[in-house]
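Chain by chain, the residues run as shown.
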Amino acid sequence: MIAIIDYGMGNLRSVQKAFEHLNVKCCVTHDLKKIENASKLVLPGVGAFRDCMQNLEEKKLIEPILKGIQSGKPFLGICLGMQVLLTESEEFGSHKGLNVIPGKVLRFPQSEALKVPHMGWNSIKKLPAAKGSPLQDIEDSAYVYFVHSYYVVPEDKKIISTTTPYGFDFCSSLHQDNIFATQFHPEKSQEIGLKILEGFAQTKE
């Protein structure tokens, strides 16, 4: 059973529907016991970094998330669920994240040539860290769907599994041990996205 963590934000139902389309057992939950007993964890997210961290803290979800990751349980972070894995974000001031991945979350620079938020379909270029991840069998330069104004900058560049061009090449997914996270939305990325979610569902602990 995959637990899709409900912390009061994000497109939980669309992620659930995507897994159900693949006949993968999943549940949307904030029940600590269900999260602890799940075989895999998914943390989706849409919204502000600060609000996400506050909600996770208020619902006492930080400890079970960290314990699940530390135990080697396959973990998928989507969009904001990827960003909160890092040390801190500059969104609306400086705010601490889960610090699972050392690094920062930065805003795209404002310019006439670059619309912020970055919204719509864009390509992903696979890097060596994609090997062994749910992206392993995805075609290089595949197109996926994005909606975001901030991007992650992990300290360890070797964990970046894809980059995407938007004024410069930013980290659009990362892979470290049992952690896989995407800035794009697999659940909105049609066949490619379903293939990525299926790859995650098949990940072994």
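Cut-offs and rules
Residues numbered from 1 in each chain as written. Predicted model: local features only at pLDDT ≥ 70, side-chain atom pairs only at ≥ 80, totals over all residues. Heavy atoms only, no water. Helix = DSSP H or I, 4+ residues; strand = E, 2+ residues; numbered from the N terminus. Expected span 1.5 Å × (residues − 1). Buried < 20%, exposed > 50% of the residue type's maximum accessible area, 1.4 Å probe, protein only. Arc of directions from axis to C-beta. Contact = heavy atoms within 4.5 Å. Phe/Tyr/Trp six-rings, centres within 6.5 Å; stacked < 30°, edge-to-face > 60°.

1. Focus on helix H6 (residues 190–201)
Then, number 1: When the terminal C-alpha atoms of H6 are compared, their 16 Å separation across 12 residues agrees well with the 16 Å that a helix rising 1.5 Å per residue should span.
Then, number 2: Every buried residue belonging to H6 is among Gly 193, Ile 196, Leu 197, Phe 200 and Ala 201, and all of these are buried. Projection of H6 onto a plane perpendicular to its axis shows the buried side chains occupying an angular sector of 145°, all on one side.
Then, number 3: In this structure, the buried side of H6 is in contact with strand E1 (2–5), helix H1 (12–21), strand E3 (40–43), strand E4 (75–78) and strand E14 (179–182).

2. Some words on the packing of aromatic side chains
Then, number 1: In total, this model carries 9 aromatic pairs according to the counting rule given.
Then, number 2: A ring pair is formed by Phe 108 and Tyr 166, whose centres lie 5.5 Å apart and whose planes are at 70°; its orientation type is edge-to-face. With a gap of 58 residues between them, Phe 108 in the loop between strand E7 (101–107) and strand E8 (118–123) and Tyr 166 in the loop between strand E12 (160–165) and strand E13 (169–176) connect regions that are remote in the sequence. Just as Phe 108 is buried, Tyr 166 falls in that class too.
Then, number 3: On the numbers, 5.9 Å between centres and 50° between planes, the contact of Phe 108 with Phe 168 is tilted. With Phe 108 in the loop between E7 and E8 and Phe 168 in the loop between E12 and E13, the pair connects residues that are 60 residues apart, well separated along the chain.
Then, number 4: A relative accessible area of 2% means that Phe 108 is categorised as buried.
Then, number 5: Look at Phe 168 and you get partly exposed, because its relative accessible area is 28%.

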